[in-house]
Amino acid sequence: MNTTDALKGRNAKEVYDELNEYFHPERYKDFVKNGLILDNTEYIEQVYTATFSGAAIADVLRKEGAKNALLFTHHPGAQHKEGETGALFTEQDLEFMKENNISHFSFHLPLDEVNPYSPGICLARALNAVPYKSFFEEFGATMGLICTTSCTNINEVLEKMEEITGHPCKLYKYGDENLSDGRFALSAGGAEGTDFYKELKDEGVNLFITGVGSPEVDWFAPSHAEAKKQEISILSAGHYSTEKFALIDICRFFEERGLKAQFIEEIPCLTDL
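Position numbers for residues count from 1 along each chain, tracking the sequence in the order it is written. Whole-chain, interface and lining totals are the exception, using all residues; otherwise, since this is a predicted model, local features are given only for residues with pLDDT of at least 70 and side-chain atom pairs are given and counted only at 80 or more. Processing note: side-chain calculations cover all non-hydrogen atoms of the structure and skip hydrogens and water entirely.

## Some words on the pairing of strand S7 (residues 102-106)
Judged by how many residues are buried, S7 sits mostly within the fold: 5 of 5 residues are covered. Exposed residues in this analysis have more than 50% of their type's maximum accessible area, buried residues have under 20%, and partly exposed residues fall in between, with area computed by a 1.4 Å probe over protein chains only. Runs of E in the DSSP output that reach at least two residues are strands. Runs of H or I that reach at least four are helices, and both are numbered from the N terminus. Burial along S7 is two-sided: the residues Ile102, His104 and Ser106 and Ser103 and Phe105 are all buried. Note on pairing: two strands pair once DSSP finds at least 2 bridges between them. In terms of strand pairing, strand S3 (residues 35-38) meets S7 through 3 bridges, oriented antiparallel. Looking across to S7, one finds that Leu38 is bridged to His104. The pairing of strand S6 (residues 69-73) with S7 spans 5 bridges and is classified as parallel. Counterpart to Ala69 in the pairing with S7 is Ile102.

## Quick word on the pattern of salt bridges
Note that side chains of opposite charge can pair when their charged atoms are close. Salt-bridge detection follows one rule: a side-chain nitrogen of Lys or Arg within 4 Å of a carboxyl oxygen of Asp or Glu. Tallying each qualifying case throughout the model produces 13 salt bridges. Residues Asp17 and Lys13 are paired through a salt bridge, measuring 3.0 Å at the closest nitrogen-oxygen approach. Highlighted residues: Asp17 and Lys13, both in helix H1 (residues 12-23), separated by 4 residues, approximately one helical turn. Classification of Lys13 as exposed rests on a relative accessible area of 55%. Within this structure, Arg10, Glu14, Glu18 and Arg257 form a network of salt bridges that share partners.

Shown next, in the form of structure tokens:
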């Protein structure tokens, strides 16, 4: 876990208003609920951030003795295998959170949109890469980034990705091993569709980093044929592992607004590589 220095508490409604003003959830046509999901406290003394929610996260909150707290997540449900549905909190979890004044707030597409705390920007930062152009939009949120790096070939990028995620990743080699001027593209979490591969090819990109990259995942499978056609290798690092850096970095958002903030680490589900 990543723990920050203790600060002070805040009125909960003021914090929610600041989140909405900064991330503008009204701009996106999302398929999940955004904003305040559980309203259990009027005063926030501690913020916990997590990529997903669910029973595993509630267990951490219990161990931490969380009270008068806000859980901020990217996904309103639990981490799960592709094709399945992420479970919500159990009745026992909900009762625990109510008794201990723990609210739940979640931003999906509003966080995905390119911004200082978005998964794409934070993943690029973790890789010491410099984003210079965006691509790939989903329901109003632009989340793909074309970056430059000091790495010279795709194997170096793979090594760096495995270093920052802490687990093996999967590289599907469909193009040149050498990077053109250190360029690569990324879309944290995932990217459905095939149209953007030609755009990346025209930009001189021959490596695409994403979370969900398995050819066994129905919605991503067509990407492999198009990536082969455009000679662009795919580096799959897992849904959770490519998004978690946003939830680490967003602790700073809350700290700068007078709150303690702590990131909850999860065990990644790697069936999507």
